[in-house]
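Spelled out, the chains give:
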Amino acid sequence: MLLDPWLASTLAGIFGLLIGSFLNVVIHRLPKILEQQWAADYAHYAAEQGAAPAAATAPAISLSHPRSACPHCGHAIAWYENIPVLSYLFLGGRCAGCKARISLRYPLVELVTGALFAFCAWRWGITATGAAWCLFCALIVAMAGIDWDTTLLPDDLTLPLLWAGLLASALQWIEVPLFAAVMGAAAGYLSLWLVYWGFKLATGKEGMGYGDFKLFAALGVWFGWQALVPIILLSSVIGAIVGIAMKFSSGLREGGYIPFGPFLAGAGLTALIFGPQTMMQRFLALLGL
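Presented here is a report on the structure given in the accompanying data block. Worth saying up front: this structure is predicted, and the values here are computed from it rather than measured.

## With respect to the overall build of the protein chain
- Helix and strand counts for the protein chain stand at ten helices and zero strands.
- Shown N-terminal to C-terminal, the secondary structure of the protein chain runs as helices and strands in the order α-α-α-α-α-α-α-α-α-α.
- Summed over all atoms, the accessible surface of the protein chain reaches about 16,300 Å², with 69% contributed by carbon and sulfur.

Rendered as structure tokens:
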């Protein structure tokens, strides 16, 4: 659809705000849903082995049930308290029921998603290409939030991102040829897989999770194998800077670990905005090459 770039960006930005509100639900609930599924699978396996039945678990949740509520007082959030960004500002960043603080991350996720959708519409218009990159942004934002909270990159998100990229490449919705996308998936996965096993054999510890392999493979699909080096370099630099800052501010978690997924996600979004080739050129310039 051919629209004026400003109008297309505005419409996409508003839609992105709404999607960002939904992504907040995904970030909060998807890990809990997966935990319940794992517990149910384990209970089923234990029952088959003749073990005693497990204790009753919490009521099942989904992305749509139960209704969103304040975690402090249980106040059910009305529709007018759930308008992206505006409700947060109107409520002063506090629950309407108990006045507990609402995390600033909720409006930030909405704003970031809205800005990314607006950028995609400005660059590609309301087209299949623009929609594909909006999907990419939504999945990346959700994975970054979940991994930061839980150090988990769910297959429910990484694999759809990878397959959506291959489909977009095959349909020529993105500029990456299908061969380069397939090679990007293979090179992205295998490179971090080799790093993982090299580190584990040398130290006896696991330096990253399998979800990082899958996310890097998906980025290889969307940007091609040629973009993998600048993406991994940028994510490492960002991770080192954040890690040092958190260490000096005593913000590191118990064990001193930081999930790598958010930095891969940040590098992927940077590649989207500036282009992987520009990223590589700037890295080479910094190295004096």
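## Points about unusual backbone geometry
- The residue after His65, namely Pro66, is reached through a cis peptide bond having omega 0 degrees.
- Backbone geometry at Val85 places phi at a positive 65 degrees, although glycine is not the residue there.
- With respect to the element layout, Val85 can be found in the loop between helix H1 (5-48) and helix H2 (86-90).
- Phi at Lys99 takes a positive value of approximately 65 degrees, unusual for a residue other than glycine.
- Along the chain, Lys99 falls in the loop between H2 and helix H3 (105-124).

## Remarks on the layout of surface pockets
- There is about 870 Å³ of room inside the largest pocket.
- Residue lining of the largest pocket: 34 residues in total, with Ser68, Ala69, Pro71, Ile77 and Tyr106 positioned closest to the centre.
- Elements supplying a minimum of two residues to the lining of the largest pocket: H1, H2 and H3.
- Among the elements that line the lining of the largest pocket, the one with the most residues is H1, at six residues.
- When grouped by side-chain class, the residues that make up the lining of the largest pocket number 18 nonpolar, ten polar and six charged.
- When its volume is computed, the second largest pocket comes out at roughly 710 Å³.
- Along its surface, the second largest pocket is lined by 26 residues, and Gly207, Met208, Gly209, Asp212 and Phe260 are the ones closest to its centre.
- Contributing elements (two or more residues each) for the lining of the second largest pocket: H1, helix H5 (155-170), helix H7 (210-223) and helix H8 (228-248).
- If you tally residues by element for the lining of the second largest pocket, the top one is H7, at four residues.

## Looking at H3
- Taking 1.5 Å per residue, 20 residues should reach 28 Å; H3 reaches 28 Å between its end C-alpha atoms and fits that length.
- For H3, the elements touching its buried residues are H1, H2, helix H4 (128-150) and helix H9 (261-274).
- One or two steps after H3, the chain reaches Gly125, where phi turns positive at roughly 75 degrees.

## Describing the packing of H8 against H9
- Relative orientation of the contacting elements H8 and H9 amounts to 130 degrees, with a least axis distance of 8 Å. Comparing their axes, H9 and H8 come out oblique. Where H8 crosses over H9, the handedness of that crossing is right-handed. When H8 is examined against H9, the residues Ile231, Ile232, Leu234, Ser235, Ile238, Gly239 and Val242 are found in contact with a partner set consisting of Phe263, Leu264, Ala267, Thr270 and Ala271.
- The class makeup of the residues in the contact of H8 with H9 is nine nonpolar, three polar and no charged.

## Section: the pattern of salt bridges
- Following the criterion strictly, the structure yields three salt bridges and no others.
- Across the salt bridge formed by Lys214 and Asp155, the nearest N and O atoms sit 2.7 Å from each other. In this pair, Lys214 is assigned in helix H7 and Asp155 in helix H5, connecting sequence segments 59 residues apart.
- The closest approach of N and O atoms between Lys200 and Glu206, which form a salt bridge, is 3.5 Å.
- For Glu206, a relative accessible area of 53% gives the class exposed.

## Remarks on the environment of Val109
- By the secondary structure assignment, Val109 is in helix H3.
- Judged by relative accessible area, Val109 falls into the buried class, the value being 9%.
- With sequence-adjacent residues up to four places away left out, Val109 is seen in contact with Gly20, Leu23, Asn24, Ile27 and Val141.

## Topic: the nonpolar core
- In terms of nonpolar packing, the biggest core is built from 62 residues, with Phe136, Ile140, Leu161, Leu219, Trp222 and Phe223 touching the most fellow members.
- Every element with two or more residues in this core is listed here: H1, H3, H4, H5, helix H6 (178-203), H7, H8 and H9.
- By residue number, the principal contributor to this core is H4, which donates 13 residues.
- Once residues lying within four places of it in the same chain are set aside, the contact partners of Phe136 are Leu161, Leu219, Trp222, Phe223, Gly268, Leu269 and Leu272.

## Overview of the side chain of Asp212
- Mapped onto the fold, Asp212 is located in helix H7.
- Although Asp212 lies buried, it forms no salt bridge, and the closest oppositely charged side chain, Lys214, sits 11 Å away as judged by the N-O distance.
- Only 3.5 Å separates the side chain of Asp212 from the backbone nitrogen of Gly261, close enough to count as a polar contact.
- Setting aside residues up to four positions removed in sequence, Asp212 forms contacts with Asp147, Leu153, Leu192, Phe260, Gly261 and Leu264.

Each value, and the rule that gives it
- Residues numbered from 1 in each chain as written.
- Predicted model: local features only at pLDDT ≥ 70, side-chain atom pairs only at ≥ 80, totals over all residues.
- Heavy atoms only, no water.
- Helix = DSSP H or I, 4+ residues; strand = E, 2+ residues; numbered from the N terminus.
- Areas by Shrake-Rupley, 256 points an atom, 1.4 Å probe, with all protein chains shown as cover.
- 1 Å grid on protein atoms, 1.4 Å probe; cavity = no way out; pocket = protein on both sides within 12 Å on 5 of 7 lines; lining within 4 Å.
- Points joined across faces, edges and corners; volume = space filled by probe spheres on them.
- Nonpolar A, V, L, I, M, F, W, Y, C, P; charged D, E, K, R; others polar.
- Expected span 1.5 Å × (residues − 1).
- Contact = heavy atoms within 4.5 Å.
- Axes fitted to C-alpha atoms, helices over the stretch in contact; angles between N-to-C directions.
- Parallel < 35°, antiparallel > 145°, perpendicular 65-115°, else oblique.
- Left-handed = near helix turned anticlockwise from the far one by under 90°.
- Salt bridge = Lys/Arg side-chain N within 4 Å of Asp/Glu carboxyl O.
- Buried < 20%, exposed > 50% of the residue type's maximum accessible area, 1.4 Å probe, protein only.
- Core = buried A, V, L, I, M, F, W, Y, C linked by side-chain atoms within 4.5 Å.
- Lys, Arg positive; Asp, Glu negative; His and termini not counted.
- Polar contact = N/O pair within 3.5 Å; in protein donor to acceptor, adjacent residues only side chain to side chain.

Any link to function would need more than the numbers given here.
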